[in-house]
Amino acid sequence: MSPFKLQKVLFLVLIAHSLTLPCQAIDPRANALCIQVEGECQEIGTRELALKKANEAIKIDPKAARCWRAKASVLSNMDENEEALKLVEKAIEIDPNSTDNFALKAKILRTQNKGDEALRCINRALSLDDNYDN
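Residues numbered from 1 in each chain as written. Predicted model: local features only at pLDDT ≥ 70, side-chain atom pairs only at ≥ 80, totals over all residues. Heavy atoms only, no water.

1. Here's the deal with the pattern of salt bridges
Taken as a whole and judged by the stated rule, the model has five salt bridges. Across the pair arginine 29 and aspartate 27 runs a salt bridge whose closest N-O atoms are separated by 3.0 Å. By relative accessible area, arginine 29 is classed as exposed at 54%. Here arginine 66 ties to glutamate 38 by a salt bridge, and the two come within 2.8 Å at their closest N and O atoms. (Salt bridge = Lys/Arg side-chain N within 4 Å of Asp/Glu carboxyl O. Buried < 20%, exposed > 50% of the residue type's maximum accessible area, 1.4 Å probe, protein only.)

In C-alpha cells, the structure reads:
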C-alpha cells in the first residue's frame, strides 16, 4: 500500500473513531460543520469549502477543541503543516485528554519527518485510551 493510501486509511479510521466518542460540550451547529469538514478535507476538490466550514465552526464555538482540530486537518491535507501544527496545539491546549488531538499531531509531525515527536504523541494517545487503534 502506498504511503498516501495508508495515510488516507489512517485518517478515515481517526474520523470513524471520533464519531463513536461522546463529544464534549460543543455547539451542535459547530459539531455538524466539523463532521462535514472531516469528510470534505480528504478530497482535493472540496478542501477550500472544508476550510471555510472549519473557520465558521471556530467562529461559532472557539472553545471547542474539535473545531480547531478540524481546521488543522484541512490545512494538513493542503500541505500547510506548520500552520496545522499550531492549530492542533491549540486543540491540545483546550482538550489535553483527546486521543484524536494527539493522533492528528502525530500525523502532522510524521509528514515533517519528526518521527520521535510523532511517536511520543501516539504513545500519549495510547496512554489516554488503550483501546485506541489508530
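What follows picks up the thread again.
2. What to know about the state of the cysteines
Counted under the stated rule, the structure contains zero disulfides. Looking at the unpaired cysteine 34, the closest cysteine sulfur is the one in cysteine 67, lying at 3.8 Å. (Disulfide = S-S within 2.5 Å.)

3. With respect to the environment of threonine 99
Examined against the element boundaries, threonine 99 turns out to sit in helix α6 (residues 99–111). Separated by 30 residues in sequence, threonine 99 and aspartate 129 have C-alpha atoms that sit 6.8 Å apart. (Helix = DSSP H or I, 4+ residues; strand = E, 2+ residues; numbered from the N terminus.)

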